[in-house]
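Chain by chain, the residues:
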Amino acid sequence: MSPLGRPSKYTEEFRRDAVDLVRSSRRPINQVARELGMSHETLRNWVRAAERQIQTGSGASGEALSVADKDAEIARLRREVAELRQEKEILRKAAAYFAKEMDR
């Protein structure tokens with residue numbers, strides 16, 4: 001049931017899969033929503049709700065996150081750390097290059 005008391009158009013499984021797709025694909029929410037044939041605002045709300053659940057450490061029914069959800073989050077965070085390390089290295093090299101150029 002939706003908060004308005006009417007049956008939801010989407011199943012819980014579809015919601016979870018859609019949120020997982022947004023997280024794993026690294027594509028904009030608008031693009032994923034368009035591919036799924038749904039409103040981007042609906043999908044954005046689902047992603048935000050899932051992020052709040054992760055932050056509070058509770059599942060949809062107040063239970064702890066499943067092992068699969070935790071594994072997916074760890075994988076996403078590892079990808080993000082790797083990307084940030086790569087960006088940091090690029091910026092470090094660029095700073096060294098420009099510092100060398102300024103000394104000329």
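The chain goes by Transposase in an unreviewed UniProt entry, where it is assigned to Micromonospora echinofusca.

**Regarding helix 2 (residues 29–36)**
Since the α-helix packs 3.6 residues into each turn, any two residues three or four apart lie on the same face. For helix 2, the set of buried residues is Ile29, Val32 and Ala33. The buried side chains of helix 2 occupy one side of the element, clustering within an arc of 100° when seen end-on. Buried residues along helix 2 sit in contact with helix 1 (12–25) and helix 3 (40–56). Just beyond helix 2, the residue with positive phi is glycine 37, at close to 75°.

**Examining the side chain of arginine 23**
Here arginine 23 shows up in helix 1. The charged side chain of arginine 23 is buried without a salt bridge, its nearest counter-charge being aspartate 20 at 4.3 Å. Apart from residues no more than four positions distant in its own chain, arginine 23 is found in contact with Ala50, Glu51, Ile54, Arg76 and Arg79.

**Some remarks on the packing of helix 1 against helix 2**
Direction vectors running N to C along helix 1 and helix 2 enclose 140°, while the axes themselves pass 10 Å from each other. Classified by the angle between their axes, helix 1 and helix 2 sit oblique to one another. The two elements helix 1 and helix 2 cross, and the hand of that crossing is right-handed. Counted together, Phe14, Ala18, Leu21, Val22 and Ser25 of helix 1 and Ile29, Val32 and Leu36 of helix 2 form the full contact between these two elements. The residue inventory of the contact of helix 1 with helix 2, partitioned by class, reads seven nonpolar, one polar and no charged.

**Side note on the packing of aromatic side chains**
For any pair of aromatic rings, the description consists of the separation of the ring centres together with the inter-plane angle of the planes. Summed over the entire model, instances satisfying the criterion amount to four aromatic pairs. On the numbers, 5.2 Å between centres and 80° between planes, the contact of tyrosine 10 with tryptophan 46 is edge-to-face. On the criterion of sequence distance, the pair formed by tyrosine 10 in the segment before helix 1 and tryptophan 46 in helix 3 is long-range, its members being 36 residues apart. According to the relative accessible area criterion, tryptophan 46 is buried, its value standing at 11%. Among the aromatic side chains, those forming a connected cluster through ring pairs are Tyr10, Phe14 and Trp46.

Definitions and limits used
- Residues numbered from 1 in each chain as written.
- Predicted model: local features only at pLDDT ≥ 70, side-chain atom pairs only at ≥ 80, totals over all residues.
- Heavy atoms only, no water.
- Buried < 20%, exposed > 50% of the residue type's maximum accessible area, 1.4 Å probe, protein only.
- Helix = DSSP H or I, 4+ residues; strand = E, 2+ residues; numbered from the N terminus.
- Arc of directions from axis to C-beta.
- Contact = heavy atoms within 4.5 Å.
- Lys, Arg positive; Asp, Glu negative; His and termini not counted.
- Salt bridge = Lys/Arg side-chain N within 4 Å of Asp/Glu carboxyl O.
- Axes fitted to C-alpha atoms, helices over the stretch in contact; angles between N-to-C directions.
- Parallel < 35°, antiparallel > 145°, perpendicular 65-115°, else oblique.
- Left-handed = near helix turned anticlockwise from the far one by under 90°.
- Nonpolar A, V, L, I, M, F, W, Y, C, P; charged D, E, K, R; others polar.
- Phe/Tyr/Trp six-rings, centres within 6.5 Å; stacked < 30°, edge-to-face > 60°.

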